[in-house]
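# Reading the structure
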Amino acid sequence: MTVGDMAIPFAKRHTWPLVVELENLLSCEECDQLIQLSGDRMKRSKISSDRVVNQMRTSSGMFFEESENDLIHTIEKRLAKMMNVPIEHAEGLQVLKYTPGQEYKAHHDYFLPTSKAASNNRISTMVVYLNEVEEGGETYFPELNISITPQKGSAVYFEYFYSDEELNKQTLHGGAPVFKGEKWVATQWMRRKSVR
């Protein structure tokens, strides 16, 4: 797959629902810069559209403003191109940090019909790994029997906009506990309609 002058190797892990693993989506320098820019802005992660603290997700995180600087704008454009969705549908890029013992238990990224955010629901996710994890921290899909080990600059993409709700439910996924070292990821979510 080619984006601009970048050739990005990929491997399809599952077809319906689509789960794709991508290599070298971000350069080592871009990964390091994202960590550096976000480090002082991290706060305890929250879940759901109501933004509440929950033991289901024990990481810390932060959101960049849309096109906050040249680096963020460049990365957002690249991710939008890879995800084949206009950048106007992109939420702000989020960076997450997991330390030993921290995890995100299995969950869906789309909002339930009872959520106020469901009127413009998420349709796809890109999780980019910003560092190598010494031990643990895999992204796992229990319904699909897929587990992906973080590799710096690589990513996993998956989508859940199918009319068949059973396919969407199969995108249940989680971030396994980190056992040693740290795990840093950048996450891009796309919405059905424009949010910018």
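Note that the structure is predicted; figures quoted are calculated from it, not measured.

## Looking at the nonpolar core
- The biggest cluster of nonpolar side chains holds 35 residues, and the ones touching the most others in it are L34, M126, V128 and L130.
- Sorting the residues of this core by element identifies β4 (19-22), α1 (28-38), α2 (70-83), β9 (122-129), β13 (155-159) and β16 (183-191) as the ones contributing at least two each.
- Of the residues forming this core, the biggest block, 7 residues, is contributed by α2.
- Apart from residues no more than four positions distant in its own chain, V128 is found in contact with L25, L26, L79, G153, S154, A155, W184, V185 and A186.
- If you look at the next biggest cluster of nonpolar residues, it comprises 18 residues, including Y104, I146, I148 and F158.

## Some thoughts on the sheet that holds strand β14 (residues 173-175)
- Sheet architecture is open: 4 strands sit in the order β8-β14-β11-β12, paired in antiparallel fashion. With one partner strand each, in any of the chains shown, β8 (104-107) and β12 (146-148) form the two edges of the open sheet. For this sheet, the mean inter-axis angle between neighbouring strands, taken without regard to orientation, is 10°.

## Here's the deal with α2
- Compared with an ideal rise of 1.5 Å per residue, which puts 14 residues at 20 Å, α2 spans 20 Å between its outermost C-alpha atoms and is within 8% of the ideal.
- Listing the buried residues of α2 in full gives L71, I72, I75, E76, R78, L79, A80, M82 and M83.

## Digging into the packing of aromatic side chains
- Evaluated as defined, the whole model comprises 6 aromatic pairs.
- Relative to Y160, the ring of Y110 has its centre 5.8 Å away and its plane inclined at 45°; by these criteria the two rings are tilted. Linking Y110 in the loop between β8 and β9 with Y160 in the loop between β13 and α3 (165-169), this pair joins segments that are 50 residues apart in sequence.
- A relative accessible area of 3% places Y160 in the buried class.
- The interplanar angle of 50° and the centroid separation of 6.0 Å between the aromatic rings of F158 and Y160 together place this pair among those described as tilted.
- Grouped by ring-pair contacts, the aromatic residues Y110, F141, F158 and Y160 constitute a single cluster.
- Directly above the aromatic system of W189 lies the positively charged group of R122, at a separation of 3.9 Å from the ring centroid.
- Between the NZ or CZ atom of K183 and the centre of the ring of Y98, over which it lies, the distance is 4.9 Å.

## Considering the sheet that holds β13
- Spatial strand order, β3-β4-β13-β9-β16-β7-β6-β5: 8 strands in an open sheet with antiparallel pairing. Two strands in the sheet have a free side with no partner beyond their single neighbour: β3 (10-14) and β5 (43-44).
- In this structure, β9 lies alongside β16, joined through 7 bridges in antiparallel fashion. Bridging from a neighbouring strand, R122 pairs with R191 of β16.
- Strands β6 (60-63), β7 (94-98), β9 and β16 of the sheet are contacted by α1, whose axis makes an angle of about 90° with β16.

## Regarding the pattern of salt bridges
- Tallying each qualifying case throughout the model produces 11 salt bridges.
- For the salt bridge of E91 with R191, the shortest nitrogen-to-oxygen distance reads 2.6 Å. Of this pair, E91 sits in the loop between α2 and β7 while R191 is found in strand β16, placing the two residues 100 residues apart along the sequence. Side by side, E91 and R191 carry an identical accessibility label, which is buried.
- Across the salt bridge formed by K180 and E134, the nearest N and O atoms sit 3.9 Å from each other. Pair noted here: K180 is in strand β15 (residues 178-180) and E134 is in the loop between β9 and β10 (135-136), with a separation of 46 residues, a long-range link.
- One continuous salt-bridge network, built from bridges that share partners, spans E66, E76 and R196.

Reading the values: rules and limits
Residues numbered from 1 in each chain as written. Predicted model: local features only at pLDDT ≥ 70, side-chain atom pairs only at ≥ 80, totals over all residues. Heavy atoms only, no water. Core = buried A, V, L, I, M, F, W, Y, C linked by side-chain atoms within 4.5 Å. Buried < 20%, exposed > 50% of the residue type's maximum accessible area, 1.4 Å probe, protein only. Helix = DSSP H or I, 4+ residues; strand = E, 2+ residues; numbered from the N terminus. Contact = heavy atoms within 4.5 Å. Pairing = 2+ DSSP bridges. Axes fitted to C-alpha atoms, helices over the stretch in contact; angles between N-to-C directions. Expected span 1.5 Å × (residues − 1). Phe/Tyr/Trp six-rings, centres within 6.5 Å; stacked < 30°, edge-to-face > 60°. Lys NZ or Arg CZ within 6 Å of the ring centre and 35° of its normal. Salt bridge = Lys/Arg side-chain N within 4 Å of Asp/Glu carboxyl O.

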